[in-house]
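Survey of secondary and tertiary structure
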Amino acid sequence: MAERGSANGNGITRRAFVRRTAVVGGSLLWIAPAIQTLAPAARAHVVSPASFFCCECRASGSGQPTRCTTTGIGSFTDCQNFCTPFGLVPELHTSPTELHCEGPSANFCSDH
C-alpha cells in the first residue's frame, strides 16, 4: 500500500514520520556507546609522592648550608621550625628515594 501525504500533498504521513524517527533514534542509541568506546579515557598524570624529606638550613645571604636533618621533617613548616630558631633560612628537599645529611659537618642533603 502506498503512503499518502497530508491532505494538501505537501506533508509526511504519520507512519513515515514514526518510521524515520525510529531509524534515527536507533542509530543514536548505537552511536553514543560506540563514541565512548573510541574516545580515549581521560586520566590524570599521577606523580609519585615524595616519600623522603631533608631540611637544609642556610645563613641568610651565604648560600652555604650550615645545618641538616631528615628527622621529624615531613613538610616545609617542619623545616622552618628546625631552621628559624637559629636565624637560618630553610630549604626543603624531597625525593622518592632516601635522603640523608652529608658533607664534612653533615650539613647538606644528598641522595647518595
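1. Notes on the nonpolar core
- Counting residues in each nonpolar core, the largest one holds seven residues, listed as C55, C57, I73, C79, F82, C83 and L88.
- When contributions to this core are tallied by element, the ones reaching two or more residues are β1 (52–59) and α2 (76–83).
- Examining the composition of this core, we find that three residues originate from one element, α2, more than from any other.

2. What to know about the confidence of the model for the protein
- Counting all residues, the mean pLDDT for the protein is 78, and 66% of those residues have values of 70 or more.
- Element-level mean pLDDT values for the protein span from 67 in helix α1 (residues 14–38) up to 95 in α2.

3. Some details on the state of the cysteines
- Under the counting rule described, the total for this entry stands at four disulfides.
- Shown here is the disulfide that connects C55 with C79, its sulfur atoms set 1.9 Å apart. Its S-S torsion of approximately 80° makes the covalent link between C55 and C79 right-handed. Taken together, the residues C55 in strand β1 and C79 in helix α2 connect sequence positions 24 residues apart. There is no split in this pair, since C55 and C79 are both buried.
- In the protein, the bonded cysteines, taken in the order they occur along the sequence, pair up as 1-8, 2-5, 3-6, 4-7.

Calculation rules
Residues numbered from 1 in each chain as written. Predicted model: local features only at pLDDT ≥ 70, side-chain atom pairs only at ≥ 80, totals over all residues. Heavy atoms only, no water. Core = buried A, V, L, I, M, F, W, Y, C linked by side-chain atoms within 4.5 Å. Buried < 20%, exposed > 50% of the residue type's maximum accessible area, 1.4 Å probe, protein only. Helix = DSSP H or I, 4+ residues; strand = E, 2+ residues; numbered from the N terminus. pLDDT = per-residue confidence, 0-100. Disulfide = S-S within 2.5 Å.

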